Amino acid sequence: MEEYINKLLNSLRIEETDSYKCPKCKDVGYIVVNSVAQKCSCNKGKSQLPSKFSKVLLKDFNLNYYPDIIIDPENSSDTYLSIAKKLVKAAKKLVRDIIEDKEDIKGLLIEGPVGSGKTHLASGIYNELSSHDIEAVFYVVPEFLDQSKEDLFAVGEGKGVFNKAKRAKVLILDDLGAHNYTQWSINQLYALINYRLNNELTTIITTNLTLEEIDSLLDQRIASRITDMCLIHSLAIDRDIRSKKRKNTRNS
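None of the values given here were measured: they were computed from a predicted structure.

Colleague: Any chance you could explain the packing of helix α6 (residues 160-167) against helix α7 (residues 183-198) here in plain terms?
Modeller: Relative orientation of the contacting elements α6 and α7 amounts to 35°, with a least axis distance of 9 Å. Contacts between α6 and α7 involve F162, A165, K166 and R167 from the former and Q188, A191, L192, Y195 and R196 from the latter. Broken down by class, the residue content of the contact of α6 with α7 amounts to five nonpolar, one polar and three charged.

Structure below.
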């Protein structure tokens, strides 16, 4: 059986070469362990950037979806547009600082409701950095936690995904939301964020939670460390951007 599986995996290789990105699986993405084909750690550790955002850059972020209307007249003069502009400016500065390898770089916590453009912006940061060959990984938080749990029980794999996220030069955690977190997943997130804070590694987090909600729903220690390692920015919208796009498509 193992001979048959190896033969099948070999058939997936387009060409033989002495230079592989992953010598373990020879870029096939699978290895054979005890006659069972398993995903290689290089495959399991790939970033989870949504395919529809695979080519977006920060210059593609459309500010036209953010009206120049004051959000809360009683407490602030900020408009939807002004806070979006501040965030885009901060994102561009962060990318420049990372490219120039500056010291003491703070990451970003981007908080805002569903459909406000958080993932689009985080994807733009990821693509900008990747285009300069800077090591960045992008994980959607619920999928990352599921994947890292699978890794605990994978034969010969250990904590590959978790360790990749821990040690990446830049880590983007998308959709830290109001999910049903177990104590294990909360501990994983704390260990990850605490390690990156202590090792001064840049982290970008998008969430539909406020910092206060992260404190109460997850862990006070997580909220505290995020405050230490990230600049806090909000991204508000008067209506879900996706619904605006659908309306524009119908009217065009």
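Colleague: Quick question: what am I supposed to make of the environment of D174 here?
Modeller: Turning to its location among the elements, D174 is positioned in strand β5 (residues 170-174). Residue D174 is classed as buried on the basis of its relative accessible area, which comes to 5%. Sequence spacing of D174 and S123 is 51 residues, and the spatial spacing of their C-alpha atoms is 9.2 Å. When residues no more than four places from it in sequence are discounted, the contact partners of D174 are T119, F138, Y139, V140, V141 and T206. A polar contact of 2.9 Å, which involves the side chain of D174, links it to the side chain of T119.

Colleague: Any chance you could explain the side chain of T203 here in plain terms?
Modeller: Within the fold, T203 resides in strand β6 (residues 202-207). Among the residues examined, T203 registers a relative accessible area of 1% and is labelled buried. When sequence neighbours within four positions are dropped, the list of residues in contact with T203 reads G107, L108, L171, R196, M229 and C230.

Colleague: Looking at this structure, how should I read the pattern of salt bridges?
Modeller: Once the charged atoms of two side chains with opposite charge are near each other, the side chains can pair. Enumeration over the complete set of coordinates arrives at seven salt bridges. Note that D60 is salt-bridged to K59, the shortest N-O span being 3.5 Å. On the basis of relative accessible area, D60 is assigned to the partly exposed category, the value being 34%. Judged by relative accessible area, which is 63%, K59 ranks as exposed. With a shortest N-O distance of 2.8 Å, K93 and D97 are connected by a salt bridge. On the criterion of helical spacing, the pair formed by K93 and D97 is a turn pair, its members being four residues apart in helix α3 (residues 80-99). Overlapping salt bridges bring together K93, D97, E100 and K102 as one network.

Colleague: Please clarify how α3 should be interpreted in this entry.
Modeller: Three- or four-residue spacings in an α-helix give side chains the same orientation, since the helix completes a turn every 3.6 residues. Compared with an ideal rise of 1.5 Å per residue, which puts 20 residues at 28 Å, α3 spans 29 Å between its outermost C-alpha atoms and is within 8% of the ideal. Taken as a whole, α3 has its buried residues at Y80, L81, I83, A84, L87, V88, A90, A91, L94, V95, D97 and I98. Contacts made by the buried residues of α3 are with β3 (107-111), α4 (118-131), β5, β6 and β7 (230-234). D101, located one to two residues past α3, shows a positive phi value of around 55°.

Colleague: In this structure, what is going on with unusual backbone geometry? I would like to understand it.
Modeller: Although it is not a glycine, D104 adopts a positive phi angle of roughly 55°. When you line up the elements, D104 lands in the loop between α3 and β3. For D104, a relative accessible area of 69% corresponds to the exposed category. At D133, a position not held by glycine, the phi torsion is positive, near 55°.

Colleague: How should I be thinking about the packing of aromatic side chains in this particular structure?
Modeller: Summed over all chains, the structure comprises four aromatic pairs. Each ring, one from Y126 and one from F138, has its centre 6.1 Å from the other, and the planes form 80°; the classification is edge-to-face. Linking Y126 in helix α4 with F138 in strand β4 (residues 136-140), this pair joins segments that are twelve residues apart in sequence. Both residues of the pair, Y126 and F138, count as buried. With a centroid separation of 5.2 Å and 40° between ring planes, the pair formed by Y139 and F144 is classed as tilted. The pair Y139 / F144 is uniform in exposure class, with both members buried. In this structure an aromatic cluster arises from ring pairing among Y139, F144 and F162. Looking at K149, its charged tip hangs above the ring of W184, at a distance of 4.7 Å from the centre.

So, how was this worked out
Residues numbered from 1 in each chain as written. Predicted model: local features only at pLDDT ≥ 70, side-chain atom pairs only at ≥ 80, totals over all residues. Heavy atoms only, no water. Axes fitted to C-alpha atoms, helices over the stretch in contact; angles between N-to-C directions. Helix = DSSP H or I, 4+ residues; strand = E, 2+ residues; numbered from the N terminus. Contact = heavy atoms within 4.5 Å. Nonpolar A, V, L, I, M, F, W, Y, C, P; charged D, E, K, R; others polar. Buried < 20%, exposed > 50% of the residue type's maximum accessible area, 1.4 Å probe, protein only. Polar contact = N/O pair within 3.5 Å; in protein donor to acceptor, adjacent residues only side chain to side chain. Salt bridge = Lys/Arg side-chain N within 4 Å of Asp/Glu carboxyl O. Expected span 1.5 Å × (residues − 1). Phe/Tyr/Trp six-rings, centres within 6.5 Å; stacked < 30°, edge-to-face > 60°. Lys NZ or Arg CZ within 6 Å of the ring centre and 35° of its normal.

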